[in-house]
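Close look at the chain arrangement
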Amino acid sequence: MMPRADAPAAAGAVWYGPMAPADAPGAAAIEAGVADGWSLAGIEGALAAPAARCWCARAGGQVAAFAAFTCAADEASLDALSVAPAWRRRGLARGLLTAALAALAAEGAAACYLEVRRSNTPARALYAALGFAPVGLRPRFYENPAEDAVLMKKEL
Ligand SMILES: CC(C)(COP(=O)(O)OP(=O)(O)OC[C@H]1O[C@@H](n2cnc3c(N)ncnc32)[C@H](O)[C@@H]1OP(=O)(O)O)[C@@H](O)C(=O)NCCC(=O)NCCS
């Protein structure tokens, strides 16, 4: 059963589920600290977009991780992912993506794609651990600094 979007995080536990509008500022605060991070307006826009699926992890009464996907036909794409620095290497990204990808598969997505900076070793290790495989390269996809993107895909 899907957890309720407005259920509070239990003490000491991590809650994973679809984001509520009230989670947007917390997600934006995490995104403000990462490369290519989304603004609050961008997150609020995604929350209002029919094709977007925004998920978060709540821990210690706060938003601790954020992920945004887009769904089109039977394909999903992971458009943003970040975990608050204090919560990294504690399994939150793994838990959040596992829960969200299961929900996307249940609504009909057959595959999920993502782009990641070539130099982003932590994220590439995470995605490989979750079963994403490299399927292409997008030269100079990113700016500030300019860098190639590795395109990765996971069958759901
Ligand atoms: C990448 C990121 C989302 C990982 O989040 P996280 O919650 O720390 O990841 P998890 O604890 O769930 O790690 C799961 C697995 O991913 C890999 N991994 C995660 N961080 C890693 C790191 N710093 N170095 C090497 N492997 C790493 C490991 O295989 C890890 O499993 P293990 O801890 O059992 O070894 C986080 O570092 C982050 O927010 N980075 C900045 C934003 C970013 O780069 N987003 C991705 C954009 S494409």
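Everything below is about the structure shown above.
Residues numbered from 1 in each chain as written. Predicted model: local features only at pLDDT ≥ 70, side-chain atom pairs only at ≥ 80, totals over all residues. Heavy atoms only, no water.

Strands pair in a sheet through their backbones, by hydrogen bonds, and they do so in one of two ways: parallel or antiparallel. If you walk across this open sheet you meet the seven strands as 1-2-3-4-5-7-6, and the pairing is mixed. Strand pairing shows two members of the sheet lacking a second neighbour, strand 1 (14-18) and strand 6 (133-142), which therefore form its edges. Each adjacent strand pair in this sheet contributes to an overall mean axis angle of 25°, direction not counted. Judged from the five bridges that link them, strand 1 and strand 2 (residues 52-59) form a sheet pairing that is antiparallel. Residue pairing in the sheet places glycine 17 in a bridge with cysteine 56 of strand 2. Sitting on the sheet, helix 1 (residues 24-31) touches strand 3 (62-72) and strand 4 (75-83), and the angle it makes with strand 3 is about 90°. The strands touched by helix 4 (residues 121-129) within the sheet are strand 4, strand 5 (111-117) and strand 7 (147-155), with strand 5 carrying the most contacts at an inclination of about 160°. (Pairing = 2+ DSSP bridges. Helix = DSSP H or I, 4+ residues; strand = E, 2+ residues; numbered from the N terminus. Axes fitted to C-alpha atoms, helices over the stretch in contact; angles between N-to-C directions. Contact = heavy atoms within 4.5 Å.)

It is worth spelling out helix 3 (residues 92-106) at this point. The periodicity of an α-helix, 3.6 residues per turn, causes residues three or four positions apart to be oriented the same way. Between its first and last C-alpha, helix 3 extends 21 Å over 15 residues, near the 21 Å set by a 1.5 Å rise per residue. Within helix 3 the residues assigned to the buried category are Leu92, Ala93, Gly95, Leu96, Leu97, Ala100, Leu101, Ala103 and Leu104. A positive phi of about 115° marks glycine 108, the residue just after helix 3. (Expected span 1.5 Å × (residues − 1). Buried < 20%, exposed > 50% of the residue type's maximum accessible area, 1.4 Å probe, protein only.)

Inspection of the entire model under this criterion finds three aromatic pairs. Geometrically, the ring pair formed by tryptophan 38 and phenylalanine 66 is edge-to-face, given 6.0 Å between the ring centres and 65° between the ring planes. Residue tryptophan 38 is located in the loop between helix 1 and helix 2 (40-48), and its partner phenylalanine 66 is located in strand 3; the two are separated by 28 residues in the primary sequence. The exposure class of tryptophan 38 is partly exposed, given its relative accessible area of 24%. Their ring planes at 65° and their centres at 5.7 Å tell us that tyrosine 127 and phenylalanine 132 sit as a pair that is edge-to-face. Classification of phenylalanine 132 as buried rests on a relative accessible area of 5%. Sitting over the ring of tryptophan 15, arginine 58 keeps its end group 4.0 Å from the ring centre. When the ring centre of tryptophan 87 is taken as reference, the NZ or CZ atom of arginine 90 above it lies at 4.3 Å. (Phe/Tyr/Trp six-rings, centres within 6.5 Å; stacked < 30°, edge-to-face > 60°. Lys NZ or Arg CZ within 6 Å of the ring centre and 35° of its normal.)

As a further point, take the nonpolar core. Within the largest apolar cluster, 30 residues are counted, with the highest numbers of intra-cluster contacts made by Phe69, Leu78, Leu97, Tyr127 and Phe132. Those elements that place two or more of their residues in this core are strand 2, strand 3, strand 4, helix 3, strand 5, helix 4 and strand 7. Of the residues forming this core, the biggest block, eight residues, is contributed by helix 3. Setting aside residues no more than four positions away along its own chain, phenylalanine 69 makes contact with Ala51, Ala52, Arg53, Ser77, Leu78, Asp79, Leu97, Ala100, Leu101, Leu104 and Cys112. If you look at the next biggest cluster of nonpolar residues, it comprises 16 residues, including Ala24, Ile43, Ala52 and Cys56. (Core = buried A, V, L, I, M, F, W, Y, C linked by side-chain atoms within 4.5 Å.)

The environment of the ligand is made up of 19 residues, and the closest members are Leu81, Val83, Arg89, Gly91 and Asn120. Between the ligand and leucine 81, the relevant distance is 2.8 Å, taken from a nitrogen atom to a main-chain nitrogen or oxygen of the residue. Contact distances for the ligand include 2.9 Å between an oxygen atom and a backbone N or O atom of valine 83. Here the ligand, which alone exposes 920 Å², has 74% of that area covered by the protein. Here the ligand occupies the largest pocket. Considering each element in turn, the shell around the ligand owes the most residues, five residues, to helix 4. (Near = heavy atom within 4 Å. Polar contact = N/O pair within 3.5 Å; in protein donor to acceptor, adjacent residues only side chain to side chain. Areas by Shrake-Rupley, 256 points an atom, 1.4 Å probe, with all protein chains shown as cover. 1 Å grid on protein atoms, 1.4 Å probe; cavity = no way out; pocket = protein on both sides within 12 Å on 5 of 7 lines; lining within 4 Å. Sits in = over half its atoms within 2 Å of the grid points.)

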